[in-house]
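Understanding the architecture of this molecule
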Amino acid sequence: MNEVELRDFLRERYPRLVGAVALVTGDLASAEDAVQEAIVRAWERSDRGEEIALLDRWVATVAMNLSRSRLRRLRVERLARPRLSEPLAVEAPTSDRLDVVRALAALPRRQREVTVLRYYLDLSTSEIANEMHTSEGTVKSQLSKARAHLADALALTDDQENSHAEHR
Amino acid sequence: MPSIDDQLKDRLQRSAPSPAGADDLFVRLGTRRRRRATNRKLGTVAVVVCVLLGTAGTFFALGRTLRTTNVPVATPSEPVENLGLDFPICRVMSMPITVGEAPGSAYVFTKLEDTCPKAGEGSRFVAADENGDGVVDTPPVELHGCFPPVGCEAFAAPDVNGDGTSEIAVSNAGADGYGVWLFALTTSPPAVVPIDVVDPQGIGYIKTGAFEFAWVDVAGHAEGAHCETLPNGSTFTVFGVDKLAPKADVRSTVLQIDGPTATVVGASKEKTAHSDAPIPGNELCGGPLYGSAANFPNATVASGLDIGIGVPLCNASKIVADFTGDGQKDTAWVGEEARGGRCSDSNFAYGRAIAAVDFTGDGLADDTYDTISDCMECRAYAAADLDGDGKKELIVLLQSSSTPVYGIYTAFQGNTEGPGLVPTTMVVDAPAMGLSAGDPLTVTVGGDEGYSYAVGCDGFPASPILVQSGSSHPIEGPGSGVRDVFVTKLKLSSQTATATVVDSQHTTQPTSDPLPFDPLNSSGCGVQWFPPG
């Protein structure tokens, strides 16, 4: 990974990856920190001559693992507090965003991760299973539970499902 | 109306927060990388010193000298200019073969692309030069199922059926050993042909179709093959051994190989003394093994370990200490469970590991084991009596980084939990450590921009109190001139596997003042916490 590739990656993929991890953790600062740490680790591996075939997926997985560290999250939040108070650093949350964040926060961590990987990063269930070292069946089951909860919490309806329900 | 799936996609896309623009992100990541490298060097120095001292001590103790062995290495024959193929090649391995008593060579190689693909990647082939003229005579046969890090290799080329022509064995290195495919050589026309297993009586312990067998020898299990010369011809036996107590279960399948067909002619399943059970070595039917298998079984033990949990333990680390206070040495392991028979890269952020312990000395984990879910390059790190009760606790490195994080495990021999390791948990909140009551105890050392951590110890060894110190301050802007300093003192109890906060202090000081602790040299309770050893 040379400088041009890394700069391209940071420009094109970094914001989306931070967004994904932030949806899981509910915290932007720790998401930034985790994604940056993951990218640095990927960079080190590249320097050692190792290749990472799907860099964005690799960084997403590593960053989500990193973000599980409560201590890391705590100290990043603490350090970032003064920075986050600057008006340009964060966008004011809309009520829609707050609803989504609250609905996600009510999910168990694994369900949150599969939801974000599926609906935000557009990974297939088999790709998610591969990234999370689990079976596709488990991913589908977690997604199904998460989907039901989110649909309920966000009052999502589906014409097709409604018509099925009416027929039933 | 869009489907629920589409609505969810849309809502998540609109709700994901975006990081503030950072033009200097590349520079900041470079700084971060250099800092990680510096911290790692500190740790490496400690590791090198420990390894050198340990190695020297071991050789003194055993009175041994370094031993060298001659290892058959599959090397490119000269010349290897494409071996007469119509495409460029690389990663060429060769083995001598005989074809009707005449010498030749078998080759395993990779098709050259823009650059040479890494081991286990790209298109890999096997082919043979049947007359020794340096040009392959057979069409190359592509090998499938070659995976990193080692990939497919030339394994062996013995004459397994005694017909004067070699069979060709090609391997792929896995976590615990090798998967081996067997090929036959034909001369009219010249070809490398996969051998097919047929089992007309349905008696064999082997799957029919392409001939595959394993070459593995771990604590509870072994597989391999050997030849026998009988009055009615040579046979090839594939065996599997389950090393159970008190005897081994041995399953054998006897095959007669004739050209590209291996016919199952016999099979048995018996219990034998462990000393009588067959084991795979570093030869097959009198011929040597090549490539990374040449050192077998040494080549297989580093990446997978059988501790009786049903799957190999990968990237295993262990600590031998008295965890029960009975004066006997116990063994604790930390590692990752193999998935699909393979170990992940030890540096990969796998996220899950297990901690297991053996009190009985049989080399197998006792009953239960704990799963560590927040694991980054975990390993068993040290053993220390952190509560002064005469029993040692296992200290597990949970996250290897510039701020290493440790967890503390207590060994239980019975009770309701059964024998095994359980994590020490917090009885009360420790907000300065980011822990709530009921959380597993973790301590942190080292530092990064704007924050530092250290672990120390009061009252060791009689009545130890673990001291977690930490400091933080913004690295720039408002508040960057003052740092918060936190000290949390913890009393551990291995009887209940809990930790209680006995003192907690929060002070501030100018960042120009020296830290009240040393984050780069942190030790206490008999443990070198940083740099990690």
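As the structure is a prediction and not an experimental result, all values here were calculated from the model.

A short note on the overall build of chain B
When helices and strands are tallied, chain B shows 2 helices and 35 strands. Looking at the 533 residues of chain B, the share that counts as buried comes to 44%. At a minimum sequence separation of 6, the contacts of chain B that also span at least 24 residues come to 53%.

A word on the packing of helix 7 (residues 109–120) of chain A against helix 9 (residues 136–153) of chain A
Residue and element names in this part refer to chain A. As a packed pair, helix 7 and helix 9 sit with axes 9 Å apart at the nearest point and diverge in direction by 90°. Taken together, the axes of helix 7 and helix 9 are roughly perpendicular relative to one another. Here Arg110, Gln111, Val114, Thr115 and Arg118 of helix 7 lie close against helix 9, whose contacting residues are Val139, Gln142, Leu143, Lys145, Ala146 and Leu150.

Thoughts on helix 9 of chain A
In this model, helix 9 of chain A (18 residues) spans 25 Å end to end at C-alpha, consistent with the 26 Å of a helix rising 1.5 Å per residue. Positive phi appears at Ala155(A), one or two residues downstream of helix 9 of chain A, with a value of about 55°.

A few points about the pairing of strand 23 (residues 379–384) of chain B
Across a regular strand the side chains alternate sides, sitting on one face of the sheet and then on the other. All names here are of chain B. Where burial is concerned, most of strand 23 is hidden: 6 out of the 6 residues are buried. Strand direction decides the pairing type here: strand 23 and strand 24 (residues 393–399), joined by 5 bridges, are antiparallel. The residue of strand 24 that forms the bridge with Arg379 is Leu397.

Structural notes on the environment of Ile309(B)
Looking at where Ile309(B) falls in the secondary structure, it is placed in the loop between strand 18 (304–305) and strand 19 (313–321). Residues Ile309(B) and Ala365(B), 56 residues apart in the sequence, show an inter-C-alpha distance of 6.9 Å.

What about the confidence of the model for chain A?
Residues and elements named next belong to chain A. When pLDDT is averaged along chain A, the result is 75; 77% of the residues meet or exceed 70. Here residues 75–92 is modelled with pLDDT under 50, and outside its nearest four sequence neighbours on either side it reaches 27 contacts, counting other chains as well. Predicted confidence for residues 162–168 stays below pLDDT 50, and this span has 1 contact to residues more than four positions away or in other chains.

A word on the sheet that holds strand 30 (residues 451–458) of chain B
Residue and element names in this part refer to chain B. Spatially, 27-33-32-31-30-29 is the arrangement adopted by the 6 strands of the open sheet, whose pairing is mixed. The sheet is open, and its two edges are formed by strand 27 (425–426) and strand 29 (446–448), each paired on a single side. Bridge count for strand 27 against strand 33 (residues 498–510) is 2 bridges, and the pairing is parallel. Bridging from a neighbouring strand, Met426 pairs with Ala499 of strand 33.

So, the sheet that holds strand 2 (residues 102–111) of chain B
All names here are of chain B. A sheet is described by the order of its strands in space; here 4 strands give the open sequence 1-2-3-4, paired in antiparallel fashion. Edge positions in the sheet fall to strand 1 (89–99) and strand 4 (141–143), since each of these pairs with one other strand and no more. Recorded for the sheet is a direction-independent mean angle of 25° between the axes of neighbouring strands. Bridge analysis of strand 3 (residues 124–129) against strand 4 gives 3 bridges, and the strand direction is antiparallel. Residue pairing for strand 4: Val126 is matched across the bridge by Val141.

Observations concerning the environment of Ser268(B)
With respect to the secondary-structure elements, Ser268(B) resides in strand 15 (residues 261–272). Sequence separation between Ser268(B) and Gly204(B) is 64 residues; the distance between their C-alpha atoms is 8.2 Å.

Points about the packing of helix 7 of chain A against helix 1 (residues 4–15) of chain B
Think of two packed helices as two axes; the pair is described by the angle between the axes and how far apart they sit. Where helix 7 of chain A contacts helix 1 of chain B, the axes come no closer than 9 Å and their chain directions differ by 100°. Between helix 7 of chain A and helix 1 of chain B, the angle falls in the class roughly perpendicular. Each of Val116(A), Tyr119(A) and Tyr120(A) in helix 7 of chain A lies in contact with helix 1 of chain B, whose residues at this interface are Leu8(B), Lys9(B), Leu12(B) and Gln13(B). Classifying every residue of the contact of helix 7 of chain A with helix 1 of chain B gives 5 nonpolar, 1 polar and 1 charged.

A look at unusual backbone geometry
All names here are of chain B. In the segment running from Ser188 into Pro189, the intervening peptide bond is cis, with an omega of 0°. As for its placement among the helices and strands, Pro189 is situated in the loop between strand 7 (177–187) and strand 8 (190–194). The omega angle of the peptide bond from Phe530 to Pro531 is -5°, so this bond is cis rather than trans. One can find Pro531 in the segment after strand 35 (527–530).

Reading the values: rules and limits
Every chain's residues receive numbers from 1 upward, in the order its sequence appears when written. Starting at A for chains and at 1 for ligands, labels are handed out in the order in which the entities are written. Confidence filtering applies because this is a predicted model: local features only for residues at pLDDT of at least 70, side-chain atom pairs given and counted only at 80 or more, and all residues used for totals across whole chains, interfaces and linings. Helix and strand definitions follow DSSP, with helices as H or I runs of at least four residues and strands as E runs of at least two, each counted in order from the N terminus. Burial is judged by counting the other C-beta atoms within 10 Å of a residue's own C-beta: 20 or more makes it buried, 12 or fewer makes it exposed, and any count in between marks it as partly exposed, with every C-beta position built from the backbone. Placing a C-beta atom from the backbone of each residue, one calls two residues in contact when those atoms lie within 7 Å. Here an angle of 0 to 180 degrees is reported between the N-to-C directions of two axes, which are lines fitted to C-alpha atoms, with helices fitted over the stretch in contact. Angles below 35 degrees are treated as roughly parallel, those above 145 as roughly antiparallel, those between 65 and 115 as roughly perpendicular, and all remaining angles as oblique. A helix is expected to reach a length of 1.5 Å times the quantity of its residues less one. Strand pairing is assigned whenever DSSP identifies at least 2 bridges connecting the two strands. Residue-level confidence of the predictor is summarised by pLDDT, bounded by 0 at the bottom and 100 at the top. Note on residue categories: nonpolar means Ala, Val, Leu, Ile, Met, Phe, Trp, Tyr, Cys or Pro, charged means Asp, Glu, Lys or Arg, and polar means any other residue, Gly included.

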